[in-house]
Amino acid sequence: MGPAILRYTPVAALDFNAAGLLYFPTFSKIAEMACPRAAPLLRRQITCPGNLDPGEDILVEPLRDDETATWLRLWAKGRALAEISTQRCQGSGDPPTLKVTGGHSGASGSVGERNLSI
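This report concerns the structure included in the present document.

The next thing to look at is unusual backbone geometry. One non-glycine residue, K77, lies in the positive phi region at around 50°. You can see K77 is positioned in the loop between β4 (70-76) and β5 (79-88).

In structure tokens:
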């Protein structure tokens, strides 16, 4: 493990669910705190092979950072918790647009087909 760029102590009342698992959005929050960027988020992939116990700290290790993405590994007491890959919009900084087509088809209550594209 390389040098940690962030140490985060989760808050039991905010970061854990009733089953004692770290809430999934907490991983994104930690990635943003470790590597904040102004460019809009394009995609984030999180792989979680483990969990931590309340009271344990999370250490964030940078794996790689290049023009296309940032890769981080999260650790607790020497065991891997997650690997996170974050891609940001390049160029003008404009976020991608989401176009939704289709919709309600009338009084019958059926919903038409939805097409999402970025």
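Here we take up the pattern of salt bridges. Within this structure, the stated rule accounts for ten salt bridges. K77 is the partner of E56 in a salt bridge, and the nearest nitrogen-oxygen pair spans 4.0 Å. You can see E56 sitting in the loop between β2 (41-47) and β3 (58-65) and its partner K77 sitting in the loop between β4 and β5, a full 21 residues away along the chain. What makes K77 exposed here is its relative accessible area of 72%. Its salt-bridge partner being R79, residue E56 comes within 2.8 Å of it at the nearest N-O pair. Note that E56 is positioned in the loop between β2 and β3 and R79 in strand β5, a separation of 23 residues in sequence. Of the residues examined, E56 reaches a relative accessible area of 7% and is grouped as buried. Residue R79 is classed as partly exposed on the basis of its relative accessible area, which comes to 31%. Sharing partners across several salt bridges, the network here consists of E32, R44 and R88.

Rules behind the numbers
- Residues numbered from 1 in each chain as written.
- Predicted model: local features only at pLDDT ≥ 70, side-chain atom pairs only at ≥ 80, totals over all residues.
- Heavy atoms only, no water.
- Helix = DSSP H or I, 4+ residues; strand = E, 2+ residues; numbered from the N terminus.
- Salt bridge = Lys/Arg side-chain N within 4 Å of Asp/Glu carboxyl O.
- Buried < 20%, exposed > 50% of the residue type's maximum accessible area, 1.4 Å probe, protein only.

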